[in-house]
Amino acid sequence: MACLAIFCLIAVLCLLAPAYVSFANTDPFRASLDATVEINGVEVPVMEESTEGLALGYTPIGPTWQLGNYFLGADNQGRDVMARLLYGGLNSLLISGAATIITMVLATAIGLTAGFFGGMTDTILSRILDVLWAFPVYLLAISLSIVLIAQGIDLGIIVVEAGSLWLPIFIIAIVYIPYIARPIRGQVLALRRSEFVLAAIGLGVPEHRILLRDILPNVSTTLIVFTPLMLAINMLTESALSFLSIGVQPPDASWGTIIQDGQGLLYTRPMVALAPGLAIALTVLVLNILGDGVRDALDPRSKIKLGGD
Amino acid sequence: MLLALIRRFGQMIFVMFGISILVFLIFFATPGADPASRIAGRNASPETIEAVRKSFGFDQPIWVQYYIMMKKLFITQDLTSFVNRGWKVIPAVIDTIPVTLSLVIGAAVLWVIFGMLFGILAAATRGSIIDKLLIAFGLVGCAMPVYWLGEVMNLFSQSRYHDTWLFSWVPPLGYKPLSEDPEGWFLTLIIPWITLAILYIGLYGRVLRANLIEAMQEDYIRTARAKGLSETRVLLRHALRTSLISFVTLFGLDFGALVGGAALLTEVVFGLQGVGKLTYDALQNLDLPVIMTTVIYASFFVVLANALVDVVYILLDPRVRSA
Amino acid sequence: MKKWLLAGAAALLLTTLSGTSYAEYKAEHRGGTMRLLSRSAGGTLDPHINYTLQYWQLYQPTYDGLVTFKKAAGAEGFKIVADIAEEIPKSENSGKTYVFKIRKGIKFSDGRELGVKDVVASFQRIFKVSSPTSGSFFAGIVGADKCLAEPAKCTLEGGVVGDEAAGTVTINLTQPDAEFFDKLGLPHAVILPADAPAQDAGSVPIPGTGPYMFESYDPNKALVMVRNPHFKVWSEEAQPDGYPDKVQYDFGLSEEASVTAIQNGEADWLFDEIPADRLGEIGTKNKEQVHVTPLTAWWYLPMNTRLAPFDNEKARQAVSYAIDRKALVKIFGGSVLASPVCQVLPPGFPGHEPYCPFTKNPGKKWSAPDMEKAKKLVEESGTKGQKVTIIAEDKAISKSIGVYLQSVLTELGYQADVKPIATNIQFTYIQNTNNKVQMSITQWYQDYPAASDFLYILFGCESFHEGSDSSVNISGFCDKGLNDKMKKALELGVEDQAAANKMWAEIDKAVTDKAPAAGLFTPKHLDFVSKRLGNFQFNSQYYWMVTQSWVQ
């Protein structure tokens with residue numbers, strides 16, 4: 001349960017981003033190319049001009065390890081990385097979380113249906129999954145990003161505008177549906193023939209009840225294992241998409257956009273790319289262990305398990 | 001059996017063409033994607049643009065253009081690029097295939113072996129510190145973007161520590177064909193293989209571990225144990241087979257996608273001119289003929305891989321046989 | 001003195017009186033293979049069509065035109081000298097006719113001798129293949145209008161006339177053109193064999209007359225140049241011999257990897273921009289390998305004068321006052337690599353007189369932004385609070401500039417948004433009025449050294465086309481008075497380039513004052529070469545002269 005605490009800590013930290021920002025007296029969304037920062041009593045410019053050799057280039061300040069004072073250093077616009085990291089966490093968790101939930105729900109539904117009913121249903125659904133998986137999503141993303149600059153898309157319930165977060169959520173969710181649906185389908189194909197399912201069918205139990213009561217719990221392990229992994233993968237996909245300007249628009253931040261910014265600073269300030277990466281890893285690790293705990297708590301059979309966890 | 005194969009093959013063709021039509025439509029629906037101006041050159045006069053438009057057939061209705069492109073792609077096989085005019089697309093794509101295959105097959109070998117090792121070891125030592133460490137490492141692997149990891153590898157092996165004993169064996173970036181320079185081919189690919197495999201090792205290991213643990217609680221395992229078989233034998237010969245379903249499914253999805261060019265960021269970072277890099281450049285340039293060709297190529301492999309996986313299911317889990 | 005001579009010489013303002021003699025050819029450095037790197041190929045290899053800096057650099061030593069820009073470093077490189085023509089002809093028929101005598105003995109790389117028929121055919125080909133500048137630069141040739149209407153049947157009858165017996169080619173223009181020789185010096189007007197294909201040759205090299213020829217070209221892998229076996233020097237200043245035996249131009253490596261490769265001695269030069277985080281490193285560790293050269297180019301911010309809020313002149317001026325150009329210079333890489341500008345014409349250009357009204361102390365140079373004045377102007381304009389979208393490219397520098405501008409506009413009171421678009425689409429996207437672009441970030445590099453290339457092309461009424469992807473007057477600026485003045489300056493340039501330049505300076509001031517675009521900075525060009533590369537020479541028209549450097 002320490003993991004639950006850690007996860008809550010991460011979430012709370014991110015929610016406290018505005019507080020940190022006023023404590024640090026910095027604006028993480030505006031370029032501060034001329035700002036100065038005080039370290040150990042000395043005023044140092046945030047963007048240090050190169051003075052040796054040919055005096056080429058500006059290097060942002062590195063980590064100062066002083067809370068509230070460019071703790072992790074600055075990015076290439078002079079903005080405080082720590083502040084952006086906290087704000088970014090909110091966006092990242094939101095986008096990846098929503099996308100993961102949508103993926104899991106849709107993929108489970110498709111996988112269960114395809115595996116259980118077989119035949120034409122399976123064929124059609126499987127081919128749809130093939131199309132989804134083989135489709136060049138980047139092309140769609142580039143195209144959409146340009147279309148949306150001019151006007152939004154009105155789907156009745158949801159209005160998708162250029163800066164809307166629904167866009168990356170949906171794109172990321174759809175891309176990975178086959179990744180979950182096909183393994184689920186595979187498992188269901190096997191389970192379909194197991195004795196207790198055959199027994200249930202023989203007893204005349206309606207199909208939807210078999211799906212929900214008998215098959216779903218048995219694939220739940222796979223689902224629970226996949227969820228934190230999908231969260232991690234989604235955060236990384238969000239990073240790739242943000243490069244194409246889908247989703248979090250500048251100057252807003254997400255862990256993905258900070259990694260992108262950090263790519264351009266890799267040779268001088270690796271911390272800018274490292275910090276969000278570590279944040280993602282930590283979040284995922286914690287969620288993963290949490291997930292294991294949840295699974296163990298719910299799984300009837302693991303109560304009779306032979307080893308401890 | 002034959003009928004099933006033919007049916008499956010027919011579906012594959014259907015999927016591939018469906019995707020190609022979607023790609024075509026998306027391309028023309030994108031404002032600014034009209035290639036005529038970009039081909040004509042900056043500050044071209046309206047007459048010049050019109051002439052270019054005519055010569056490329058952009059003034060024809062969409063379905064005519066689609067038909068012409070498909071004809072050039074499959075029948076006459078002389079489809080040329082929009083951006084690098086006169087450059088035949090099909091030979092270009094064929095040239096890049098060995099590069100991608102070298103990268104992907106090598107990485108696949110690595111991640112299958114290590115993924116399985118991970119999963120089995122973690123499941124066997126379940127709950128112990130080894131298990132926890134393995135999970136942690138695996139997850140860290142999942143959390144690192146491939147392009148970031150690749151750049152960091154380059155930073156260390158080509159730039160910072162290039163002259164130390166650690167990395168002095170690393171050759172300059174860029175693919176060396178196997179037939180010309182086998183040693184160079186191998187050395188060049190080691191770091192890209194590791195970079196690409198790290199993400200999957202963590203993922204696959206994790207999935208396998210979970211499936212194994214679950215399988216170990218099945219009745220037929222208890223039967224095997226009751227029969228007096230050793231724990232190792234039980235694990236490897238009985239539980240593993242059925243636990244591999246998810247593993248194999250994922251492998252089919254990933255391997256199919258990678259062969260089709262999904263490893264594009266790895267290829268870009270390491271300067272390997274594979275299908276992925278070709279696709280990436282074509283997307284940046286909005287070079288429709290190349291995009292079409294690579295998309296059809298990629299979808300072929302994805303669909304093929306998935307079909308093969310369905311066959312493998314039957315081998316793995318006898319219960320599926322009667323499905 | 002003949003009018004054209006005055007026009008020609010003075011038009012190229014930077015002609016100094018240094019009277020440089022050519023560095024003698026150092027035979028001990030001859031040979032070796034030079035390795036160049038670039039992220040991607042530059043498109044078609046056809047010199048009549050390609051419009052990229054990347055390949056124009058390679059056409060220097062591979063093709064020749066009737067005249068060419070002198071193959072010399074620095075300002076000398078803006079001079080026009082005779083190349084395939086024996087000498088630069090004086091104009092006849094009040095500036096509308098030029099008779100070029102074609103040199104004998106020049107051979108193409110396939111061994112054939114160049115003759116009058118090749119010259120005539122090459123000019124027809126410019127239209128047959130729909131060269132990008134056929135309509136903009138060469139429309140003044142008699143018969144061009146017919147050729148533009150029906151390119152395939154182009155004969156340029158009456159426009160380009162060859163006389164085999166006399167060995168001359170006569171070009172007739174519909175009206176005098178002060179910039180005619182500049183245009184003839186561009187790759188779009190080089191002389192190719194008469195049987196060159198009448199459509200884009202793509203990746204199949206066309207034989208040329210220069211000291212080097214293209215041996216092979218695979219846009220996904222590499223471009224290879226080798227020596228032209230049939231080349232003999234006929235004019236040191238027009239087409240000197242080169243040093244490397246072979247030039248291998250490899251495609252595919254990323255910028256970071258290329259910089260590392262040059263540091264490791266595995267390659268000699270890279271074409272792309274050096275990533276910002278390596279600048280400090282190469283500026284210190286590899287400083288003898290870095291060459292910084294001023295460019296006649298500018299980064300600027302076209303503002304759509306036909307859409308709110310920038311249809312209001314005060315709003316546009318406010319933006320120009322508010323921008324801290326020093327911050328932008330920092331984003332670009334520091335004051336060594338860029339200098340702030342307010343006006344249209346870049347420093348060192350004919351007609352340039354330093355002028356900057358949009359700063360704290362208006363005068364000749366930019367010093368600091370004047371945010372108070374800017375805010376006041378915004379209030380006066382009544383456009384405060386409106387939504388503005390800035391379109392940037394999705395490259396790092398352009399995006400950073402966009403984010404910075406967003407905060408400036410927000411401070412001014414607008415609701416600002418920045419949208420990066422794929423680099424390859426952005427330039428055509430921002431030109432098309434259908435996309436209703438209010439503000440964008442873009443650059444312009446000179447085609448040739450003439451003020452009209454900046455002022456008339458970017459801000460002339462004729463450069464604006466509604467609903468077209470090619471409307472390079474992005475701000476849609478059209479001021480009849482100024483437009484007429486520009487035309488007058490063009491005419492004046494035929495006779496008196498110095499007077500014309502004065503007129504251009506006035507036009508520059510007037511256009512700058514109206515602020516259809518905000519000038520940001522002029523970049524300097526950064527070349528990073530390997531240790532072994534010697535004799536780095538930078539020509540202002542064609543940049544680094546590749547084959548004039550040696551590798552051993």
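Each chain carries its own residue numbering, running from 1 in the written order of its sequence. To label them, take the chains in the order written and letter them from A, then take the ligands in the order written and number them from 1. Local features are withheld for residues below a pLDDT of 70 in this predicted model, meaning they are given only at 70 or higher, and side-chain atom pairs are given and counted only at 80 or more; totals for whole chains, interfaces and linings count all residues. Excluding hydrogens and water, the side-chain values take into account all heavy atoms of the structure.

Undergrad: Help me understand the overall build of chain A in this model?
TA: In terms of regular secondary structure, chain A is built from 11 helices and six strands. Burial status across chain A gives 58% buried among its 309 residues. Partitioning the contacts of chain A with sequence separation of at least 6, the portion at a separation of at least 24 is 68%. Where helices and strands are cited, they refer to DSSP runs of H or I of at least four residues and of E of at least two residues respectively, numbered from the N terminus. Exposure categories follow from relative accessible area, calculated using a 1.4 Å probe and restricted to protein chains: below 20% of the type maximum is buried, above 50% is exposed, and the middle band is partly exposed. Should any heavy atoms of two residues lie within 4.5 Å, those residues are counted as being in contact.

Undergrad: What's the story with the pattern of salt bridges in this structure? I'm lost.
TA: Where charged atoms from two side chains of opposite charge approach closely, those side chains can pair. Every case where a carboxyl oxygen of Asp or Glu lies within 4 Å of a side-chain nitrogen of Lys or Arg is listed as a salt bridge. On inspection of all chains with the given rule, the structure shows 41 salt bridges over all chains. Note that Glu50(B) and Arg53(B) form a salt bridge whose closest N and O atoms lie 3.1 Å from each other. Note that Glu50(B) and Arg53(B) are positioned in helix α3 (residues 46–56) at a spacing of three residues, about one turn of the helix. Across the pair Arg278(C) and Glu281(C) runs a salt bridge whose closest N-O atoms are separated by 3.0 Å. Of this pair, Arg278(C) and Glu281(C) both sit in helix α7 (residues 276–284), separated by three residues, roughly a single helical turn.

Undergrad: Help me understand the packing of helix α7 (residues 177–191) of chain A against helix α13 (residues 288–316) of chain B, please; the structure alone is not making it clear to me.
TA: For any two helices packed against each other, one specifies the crossing angle of their axes together with the interaxial distance. The N-to-C vectors of α7(A) and α13(B) enclose an angle of 25°; their axes lie 11 Å apart at closest approach. Classified by the angle between their axes, α7(A) and α13(B) sit roughly parallel to one another. In this structure, α7(A) meets α13(B) at a crossing whose hand is right-handed. Of the residues in α13(B), those in contact with Arg182(A), Arg185(A), Gly186(A) and Leu189(A) of α7(A) are Asn306(B), Val309(B), Asp310(B) and Tyr313(B). Nonpolar residues are Ala, Val, Leu, Ile, Met, Phe, Trp, Tyr, Cys and Pro. Charged residues are Asp, Glu, Lys and Arg, and all others, Gly as well, are polar. Here the contact of α7(A) with α13(B) is built from residues that sort into three nonpolar, two polar and three charged. Structural elements are reduced to axes, namely lines fitted to C-alpha atoms, with helices fitted over the stretch in contact, and the angle between N-to-C directions of any two is expressed from 0 to 180 degrees. Just so you know how the angles are binned, under 35 degrees is roughly parallel, over 145 roughly antiparallel, 65 to 115 roughly perpendicular, and the rest oblique. Note on convention: near helix rotated counterclockwise from far helix by under a right angle means a left-handed crossing. Clockwise means right-handed.

Undergrad: Even after reading the chapter, I still don't get the interface of chain A and chain B, so can you show me in this structure?
TA: Size of an interface: often given as the accessible area lost when the parts come together. Taken together, the contact between chain A and chain B spans 59 residues of the former and 64 residues of the latter. Throughout, the accessible surface (probe 1.4 Å) given up by two parts as they are put together, summed over both, is called the buried area. Interface of chain A and chain B: buried area, both sides summed, is about 5,500 Å²; carbon and sulfur atoms make up 67% of it. Counting the surface chain A buries against chain B, the share from its top three residues, Leu139(A), Arg182(A) and Tyr267(A), is 12%. Linking chain A to chain B there are two salt bridges. We note a salt bridge from Asp310(B) to Arg182(A), for which the minimum N-O separation is 3.2 Å.

Undergrad: What is the right way to read the sheet that holds strand β10 (residues 246–251) of chain C from this model?
TA: Strand pairing in a sheet relies on backbone hydrogen bonds, with the paired strands running either antiparallel or parallel. All names here are of chain C. Two strands qualify as a pair provided that DSSP identifies no fewer than 2 bridges between them. Strand order across the open sheet formed by five strands is β8-β9-β10-β1-β11, with mixed pairing between neighbours. Among the strands making up the open sheet, the edge pair consists of β8 (212–218) and β11 (269–270). Note that strand β9 (residues 222–227) and β10 share five bridges and pair antiparallel. Considered in β10, the bridge of Val226 is made with Lys246.

Undergrad: What exactly am I supposed to notice about the interface of chain C and chain A here?
TA: Between chain C and chain A, the residue contacts involve 38 residues of the former and 32 residues of the latter. At the boundary of chain C with chain A, total buried surface from both sides reaches about 3,000 Å², with 61% on carbon and sulfur atoms. Per-residue buried area on chain C facing chain A is highest for Asp277(C), Lys330(C) and Lys419(C); these three make up 21% of the total on that side. On inspection of chain C and its partner chain A, the count reaches zero salt bridges. Within 3.5 Å is the distance limit for a polar contact, defined as a pair of N or O atoms, with the added protein rule that one can donate a hydrogen and the other accept it, and that residues adjacent in sequence qualify only through two side-chain atoms. For the interface between chain C and chain A, the tally reads five residue pairs in polar contact (both at pLDDT 80 or more). Every element with two or more residues in the side of chain C that touches chain A is listed here: α6 (255–263), α7, β12 (290–294), α9 (325–332), α11 (396–412), β16 (415–421) and α12 (423–431) of chain C. When residues of the side of chain C that touches chain A are assigned to their parent elements, the largest contribution, eight residues, is made by α11(C). For the side of chain C that touches chain A, a count of residues per class yields 17 nonpolar, 10 polar and 11 charged.

Undergrad: I would appreciate a short explanation of the sheet that holds strand β5 (residues 97–101) of chain C in the present structure.
TA: Residues and elements named next belong to chain C. Spatially, β4-β5-β7-β6 is the arrangement adopted by the four strands of the open sheet, whose pairing is antiparallel. The sheet terminates laterally at β4 (91–92) and β6 (160–163), the two strands that pair on one side only. Bridge count between β5 and strand β7 (residues 168–172): five bridges; the pairing is antiparallel. Paired with Tyr98 across the bridge in β7 is Ile171. Relative to the sheet, helix α3 (residues 116–128) contacts β6 and β7, its axis offset from that of β6 by approximately 170°.

Undergrad: I would appreciate a short explanation of the state of the cysteines in the present structure.
TA: Put plainly, a disulfide is one covalent bond tying together the sulfur atoms of two cysteines. Residue and element names in this part refer to chain C. Two cysteine sulfur atoms make up a disulfide if the distance between them is within 2.5 Å. Taken as a whole and assessed by the stated rule, the structure comprises three disulfides over all chains. Disulfide pairing is shown between Cys342 and Cys356; the S-S distance is 1.8 Å. Taking the sign of the torsion about the S-S bond as the criterion, the disulfide between Cys342 and Cys356, at about -45°, is left-handed. With Cys342 in the loop between β14 (338–340) and α10 (371–381) and Cys356 in the loop between β14 and α10, this pair connects stretches of sequence that are 14 residues apart. You'll find Cys342 and Cys356 in the same group, each marked buried. Looking at chain C, its bonded cysteines, counted consecutively from the start of the sequence, adopt the pairing 1-2, 3-4, 5-6.

Undergrad: Sorry, what's going on with the confidence of the model for chain A here?
TA: If pLDDT is low for a region, its predicted coordinates should not be looked at in detail. The predictor reports its confidence for every residue as pLDDT, a score running from 0 up to 100. Looking at chain A as a whole, the pLDDT averages 79, with 88% of positions reaching at least 70. Across residues 303–309 of chain A the pLDDT falls below 50, and counting only partners more than four positions away or on other chains, this stretch makes seven contacts in the model.

Undergrad: Quick question: what am I supposed to make of the packing of helix α7 (residues 146–160) of chain B against helix α8 (residues 182–215) of chain B here?
TA: All names here are of chain B. One can describe the packing of α7 onto α8 by two numbers: an axis separation of 10 Å at closest approach and a directional angle of 150°. When the axes of α7 and α8 are compared, the pair comes out roughly antiparallel. Every pair of crossing elements has a handedness; the one defined by α7 and α8 is right-handed. In contact with Val146, Leu149, Gly150, Met153 and Ser157 of α7, α8 contributes Ile191, Ile194, Thr195 and Ile198.

Undergrad: Sorry if this is basic, but what is going on with the packing of aromatic side chains here?
TA: Each aromatic ring pair is specified by the distance between its two centres and by the angle formed by the two planes. Aromatic contacts are taken between Phe, Tyr and Trp rings whose centres are within 6.5 Å, Trp giving its six-membered ring; a plane angle under 30 degrees counts as stacked, one over 60 as edge-to-face, and the others as tilted. Evaluated as defined, the whole model comprises 53 aromatic pairs over all chains. Between Phe536(C) and Trp544(C) the ring centres are 6.0 Å apart and the planes differ by 10°, which places this aromatic pair in the stacked class. Trp544(C) shares its class with Phe536(C); the two are buried. Linked through ring pairs, Tyr55(C), Tyr217(C), Tyr249(C), Phe251(C), Trp269(C), Phe271(C), Phe536(C) and Trp544(C) together constitute an aromatic cluster. Directly above the ring of Phe116(A) sits Arg192(A), whose terminal nitrogen or CZ lies 4.8 Å from the centroid. Lysine NZ or arginine CZ positioned within 6 Å of the ring centre and within 35 degrees of the ring normal marks a charge as sitting over the ring.

Undergrad: Just to check I follow, could you spell out the confidence of the model for chain C for this structure?
TA: Residue and element names in this part refer to chain C. Considering every residue of chain C, the mean pLDDT works out to 89; 96% of them sit at 70 or more. Long-range and interchain partners of residues 1–21, a stretch whose pLDDT sits below 50, account for 35 contacts in this model, where long-range means more than four residues apart. Interface confidence for the predicted complex, given as ipTM, is 0.84, next to a pTM of 0.86.

Undergrad: Is there a simple way to think about the side chain of Arg127(A) in this case?
TA: As for its placement among the helices and strands, Arg127(A) is situated in helix α4 (residues 119–134). In this structure the side chain of Arg127(A) is engaged in a polar contact, spanning 2.6 Å, whose partner is the side chain of Gln11(B). When sequence neighbours within four positions are dropped, the list of residues in contact with Arg127(A) reads Arg8(B), Gln11(B) and Val15(B).

Undergrad: Please explain a nonpolar patch on the surface as it appears in this structure.
TA: Residue and element names in this part refer to chain B. Patches draw on residues past 30% relative accessible area with no salt bridge. Two like charges within 9 Å are joined, as are two nonpolar side chains (Val, Leu, Ile, Met, Phe, Trp, Tyr) within 5 Å. To measure how exposed things are, a 1.4 Å probe is used in the Shrake-Rupley method; for residues, cover is taken only from the protein chains shown. There is a patch of nonpolar side chains on the surface, built from Leu101, Ile105, Val109, Ile113, Phe114 and Leu117 and spanning about 510 Å² of accessible area. Note on placement: Phe114 falls in helix α5 (residues 89–124). Assessed through its relative accessible area of 39%, Phe114 is described here as partly exposed.

Undergrad: How do you make sense of a positive patch on the surface when you look at a structure like this?
TA: On the surface, Lys227(B), Arg233(B), Arg237(B) and Arg241(B) cluster together to form a positively charged patch. Among the secondary structure elements, Arg241(B) is positioned in helix α10 (residues 231–262). We score Asp and Glu as negative and Lys and Arg as positive, and we do not count His or the chain ends. In plain terms, the charge of a residue is placed at NZ if it is Lys, CZ if Arg, CG if Asp and CD if Glu.

Undergrad: Just checking my understanding: could you explain the environment of Ile258(A) for this structure?
TA: Structurally, Ile258(A) can be placed in helix α10 (residues 255–263). Apart from residues lying up to four places away in sequence, Ile258(A) is in contact with Arg84(A), Leu85(A), Ala253(A), Val272(A) and Pro276(A).

Undergrad: How should I be thinking about the pairing of strand β13 (residues 297–302) of chain C in this particular structure?
TA: Looking along a regular strand, one sees the side chains alternate between the two faces of the sheet. Residue and element names in this part refer to chain C. Burial within β13 is extensive, with six of its six residues counted as buried. Here β13 shows no split at all, with Ala297, Trp299 and Leu301 on one side and Trp298, Tyr300 and Pro302 on the other all buried. For β13 and strand β18 (residues 442–445), the ladder comprises four bridges, and the chain directions are antiparallel. What sits directly across from Trp299, in β18, is Gln443. Across four bridges, the pairing between β13 and strand β19 (residues 517–528) is antiparallel. Among the inter-strand pairings, Leu301 is bridged to a residue of β19, identified as Ala518.

Undergrad: Looking at this model, I keep getting lost on the nonpolar core. Mind explaining?
TA: Most often, soluble globular proteins keep nonpolar side chains buried together rather than apart. Joining through side-chain atoms within 4.5 Å is the link that ties buried Ala, Val, Leu, Ile, Met, Phe, Trp, Tyr and Cys residues into a set, and such a set is a nonpolar core. Grouped together as the largest cluster of nonpolar side chains are 357 residues, with contacts concentrated most on Tyr179(A), Phe123(C), Ile171(C), Ile401(C) and Tyr404(C). The element best represented in this core is α8(B), accounting for 17 residues. Apart from residues lying up to four places away in sequence, Phe123(C) is in contact with Leu66(C), Ile141(C), Leu156(C), Val160(C), Ile171(C), Leu184(C) and Ile191(C).

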